Amino acid sequence: MTSMAGRHWLKAALGFGVATLLAATTATTPAAGTPANEAPPNQAFDYTQVKRLSEDRYETVKETYEIPMHDGVEVYIEVTKPKQDSEWPVIMESSPYHGTLADREGTRILPEPRDDDGNPVGLTGYFAPKGYAVVIMDLRGTGLSGGCLDHLGPNDAKDLKNVVEWAASQDWSNGRVGMTGHSYVGSTPSLAAATNPQGLETIVPSAGLARMYDHQFQAGVPYFLQWVGPMFAYEQLALERHLPGGESFGKNQEDTGCGLPSSSLTAGEAQLSGEYTHWHAERDWTAEATKADLPVFMVHGVNDNAARVAGMEWFTDRGGREGDKLWLGQWDHGSGCCPTRRGIQWTYALHAWFDKQLMQRNVKTGPDVEMFLSDGTFEGARTGDRTEIHTDSQWPPASAEFLELYPTGEGELTGSAPMTPGSVSFAGDPSGFTDPQGTGGVEFATEPLEQDTLFGGQPQLDLVASVTAPRVHLIATLYDESPPAEDGTVERRRISQFAINPELRSGLSTPAPVLPGVPYEMEPPGFAMAHDLREGHRLVMRVTTSDPDKAPTFATDPRITVMTGPDATALRVPVVSDRSLVTDDVPFELDAPEEAGTPQPTQRASVTPALGGPARTPGTVAYYEFDVEEDFDNANLLVGAVPSMPADIDLYVQRQQADGTWGEEDLASGTSGSLNSEQLRMRRPAPGHYRVEVHNWAGAPATRVDLTLQFLNSAGEPGSES
């Protein structure tokens, strides 16, 4: 419960007229419980300056294995380790993407540093020369492994336990194994931890989850793009390996398509209602992962558009366990570039963590919790804009207290519940899928803040509402609203979102009928918050039935009524009173210039793919070629795309090779589900000739796409208009 003094402070910060305002903690005060020697006063922790890290010393060798599992299925393993006979600590990656969407070098989780040719060295090239054995595992039913795709089910769990214990017991192993990975590959570490294998000492999951349900639904409301993944997308990958040109063409033919009975489609109608079924229960490892007795370094982005931050709730439930560490940033999924948007800082943070946990070296691993904050736009934050860092001793933050806010019939969010019952109604529709501010909805807002206020933790919402349709999605989005500009316009940035299908108000596995016009009490889950709401800004809660983050699968034109008053709708947001902010100015690259130079001028262009469709074909893509020139300080390239009509546009960047051909590797990409715009960020592009590939993933044929190519220097300053 919030203390009375804390409640006064919170209300005063939000402009509720409380006379006594406790002084906010200054940005120079170290977070409570953070060791004083983790970083110099008033400075962010620079992981590139960690002392006593392991160094390159060894030539390496790669060995391959096919290891039988509990049911006789053989899984494929590659081990890269020093040639010298000794016992090495083990770093393990387990993935369904090897041979299709990813290599077996671990470059997705570790894109920096790169070799002399500009290619990432990955886990194998970075850690093996330093004295690690890097184990790369193809999950059953994928890559070169036998068996049937299991979607992180019971067979995957047994396989992971077997392989971890196998790796720990080899004569080249010191018996200490750590796991890491990003996205699906960031989910296998929590699954392995849940099985408690001998030898697993730590995990570093990036943008992962501990149950498949969190990949598809937010309390019954399906996530756009990811909802159908366990239905079709992963099965397609498993099938591709058996097609001509695939790694397993002519091998394991008896396994072709055998994972289909394990897809989520076996859950039937529950894939529309969002009901938690036996299929999901078999793929739910949250309780076991939460209890796992090993240190966890959790990495996630609050704006992740592929593995939503709800997937780290199992880590939140660990309650600030001693030894755990968290990086929580504003970034998205980092598709095509990086898992964290932190450049070389991420490489050294992972290096220090494994050196301490697996090599047992006496090295610093940084603050227990770092929340990376951005004052920029939603799009800018997702692609790596940065402002300040809040450090803390635990997650949720030790000083976080819930501020209770109540919506009123006049559209306000106040610190006291209205004395009399009231309600606000609207007609819901699916248009929020493309226009979240223009769709039907109601909104409630605070007064402008009287001081900066840091939100950190898991928000809560008691939503009391009635609907007129038997199935509908209720979505409550929290926004940071800027002060009005001179022309009266305001900017909004999403900082959290709640959602629920009212049929699941009594529990995810206990659907109940929805009677038209009957008010129901619901507790929709919300995304974790890590945001500094600035003085003069307002907190806005907007309730709708559709949003770009969700797939609309309900009847149109339902009537929604949100109840206000005593014992009605109430919002609780976690406010961190012990704000410990430092400027986020650590280097993201090792060879950055000491002083910022002049960036290349901005370029603008338009292209028009002839067709639209999910496959990247000559008909669905168009290209814009450009040069990155010498003698400019091009620390970042931002490519923005705006379609002339609603369309899901994806962006990719490739570089022309010396022989005139285009490299097969996408150097950067932007692949969100937005129908209004797309953006990608490419860090420090080397001089050369490039092209932007514009893919009309889902849009009308001949949709024009306007492009802006903006170069930023080392200080984040944009180039002039050309």
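Figured I'd write up the structure that's included with this text. Computed from a predicted structure; not experimentally measured.

Cut-offs and rules
Residues numbered from 1 in each chain as written. Predicted model: local features only at pLDDT ≥ 70, side-chain atom pairs only at ≥ 80, totals over all residues. Heavy atoms only, no water. Pairing = 2+ DSSP bridges. Helix = DSSP H or I, 4+ residues; strand = E, 2+ residues; numbered from the N terminus. Axes fitted to C-alpha atoms, helices over the stretch in contact; angles between N-to-C directions. Core = buried A, V, L, I, M, F, W, Y, C linked by side-chain atoms within 4.5 Å. Buried < 20%, exposed > 50% of the residue type's maximum accessible area, 1.4 Å probe, protein only. Contact = heavy atoms within 4.5 Å. Expected span 1.5 Å × (residues − 1). Salt bridge = Lys/Arg side-chain N within 4 Å of Asp/Glu carboxyl O. Phe/Tyr/Trp six-rings, centres within 6.5 Å; stacked < 30°, edge-to-face > 60°. Lys NZ or Arg CZ within 6 Å of the ring centre and 35° of its normal. Patch = residues over 30% accessible without salt bridge, like charges linked within 9 Å, V, L, I, M, F, W, Y side chains within 5 Å. Areas by Shrake-Rupley, 256 points an atom, 1.4 Å probe, with all protein chains shown as cover.

### Details of the sheet that holds strand 33 (residues 688–698)
In step 1: Pairing in this open sheet of four strands is antiparallel, and the strands run 28-33-30-31 from one edge to the other. The sheet is open, and its two edges are formed by strand 28 (621–628) and strand 31 (668–670), each paired on a single side. Here the average twist between neighbouring strands, direction ignored, is 20 degrees.
In step 2: Inspection of the sheet shows strand 30 (residues 648–655) paired to strand 31 by three bridges, in the antiparallel sense. The partner of Leu 651 across the bridge, within strand 31, is Gly 670.

### Some thoughts on the sheet that holds strand 20 (residues 492–500)
In step 1: Taken together, the four strands give an open sheet; going across it, the order is 16-23-19-20, and neighbouring strands pair in antiparallel fashion. Single-partner strands in this sheet number two, and they are strand 16 (441–445) and strand 20. Neighbouring strand axes in the sheet, compared pairwise and without regard to direction, differ in orientation by 20 degrees on average.
In step 2: As defined by bridge partners, strand 19 (residues 474–481) adjoins strand 23 (residues 538–544) across seven bridges and the pair is classed as antiparallel. Counted as the bridge partner of Thr 477 is Arg 542 from strand 23.

### Let's talk about unusual backbone geometry
In step 1: Here the bond from Glu 112 into Pro 113 is cis, since omega is 5 degrees, no more than 30 degrees from zero.
In step 2: Here Pro 113 shows up in the loop between strand 3 (88–95) and helix 2 (122–127).
In step 3: In this structure, Pro 396 follows Trp 395 across a cis peptide bond, with omega equal to -5 degrees.
In step 4: Take Pro 396: it is sitting in the loop between strand 12 (388–392) and strand 13 (400–407).
In step 5: For Ala 219, which is not glycine, the phi dihedral falls at a positive 50 degrees.
In step 6: Its location among the elements puts Ala 219 in the loop between strand 7 (217–218) and strand 8 (221–222).
In step 7: In this model, Ala 702 sits at a positive phi of 60 degrees, which is unusual for a non-glycine residue.
In step 8: Considering the arrangement of structural elements, one finds Ala 702 in the loop between strand 33 and strand 34 (705–712).

### Quick word on the nonpolar core
In step 1: Within the largest apolar cluster, 67 residues are counted, with the highest numbers of intra-cluster contacts made by Ile 77, Met 92, Leu 200 and Trp 395.
In step 2: Looking at this core, the element that brings in the most residues is helix 3 (residues 154–169), giving seven residues.
In step 3: Setting aside residues up to four positions removed in sequence, Met 92 forms contacts with Val 135, Met 137, Leu 160, Val 163, Val 164, Val 177, Gly 178, Met 179 and Thr 180.

### Let's talk about helix 3
In step 1: Here helix 3 contains 16 residues, and its C-alpha end-to-end distance of 23 Å stays within 8% of the 22 Å for a straight helix at 1.5 Å per residue.
In step 2: Every buried residue of helix 3 is accounted for by Asp 156, Ala 157, Asp 159, Leu 160, Val 163, Val 164, Trp 166, Ala 167 and Ala 168.

### Some details on the pattern of salt bridges
In step 1: Enumeration over the complete set of coordinates arrives at 45 salt bridges.
In step 2: Two residues, Arg 104 and Glu 247, come together in a salt bridge whose shortest N-O distance is 2.7 Å. Of this pair, Arg 104 sits in the loop between strand 3 and helix 2 while Glu 247 sits in the loop between helix 6 (229–240) and helix 7 (270–273); the two residues are 143 residues apart in sequence, bridging distant segments of the chain.
In step 3: Here Arg 104 falls in the buried class, since its relative accessible area comes to 9%.
In step 4: Notably, a salt bridge pairs Arg 684 with Glu 589, separated by 2.6 Å at the nearest N-O pair. You can see Arg 684 sitting in the loop between strand 32 (678–683) and strand 33 and its partner Glu 589 sitting in the loop between strand 26 (581–583) and strand 27 (603–607), a full 95 residues away along the chain.
In step 5: Owing to a relative accessible area of 16%, Glu 589 belongs among the buried residues under this scheme.
In step 6: The network of salt bridges with common partners includes Asp 375, Glu 388, Asp 452, Asp 532, Arg 534 and Arg 579.

### Some details on the packing of aromatic side chains
In step 1: Applying the stated rule across the entire model yields 23 aromatic pairs.
In step 2: Ring centres of Tyr 97 and Tyr 184 lie 5.9 Å apart, and the angle between their planes is 70 degrees; on these two criteria the pair is classed as edge-to-face. You can see Tyr 97 sitting in the loop between strand 3 and helix 2 and its partner Tyr 184 sitting in the loop between strand 5 (173–182) and helix 4 (188–194), a full 87 residues away along the chain. There is no split in this pair, since Tyr 97 and Tyr 184 are both buried.
In step 3: Taken together, the aromatic side chains of Phe 45, Tyr 47, Phe 297, Trp 327, Trp 331, Trp 346, Trp 353 and Phe 372 make up a single cluster linked through ring pairs.
In step 4: Against the face of Phe 588 rests Arg 386, its NZ or CZ located 3.6 Å from the ring centre.

### Things to note about a nonpolar patch on the surface
In step 1: On the surface, Val 228, Phe 232 and Leu 265 cluster together into a nonpolar patch covering about 250 Å² of accessible area.
In step 2: With respect to the helices, strands and loops of the structure, Val 228 is situated in the loop between strand 8 and helix 6.
In step 3: Taking relative accessible area as the criterion, Val 228 reaches 31% and is therefore assigned partly exposed.

### Digging into the side chain of Thr 383
In step 1: Mapped onto the elements of the fold, Thr 383 is located in the loop between helix 12 (378–382) and strand 12.
In step 2: The contacts of Thr 383, once residues within four sequence positions are left out, are Arg 341, Gln 679 and Arg 681.

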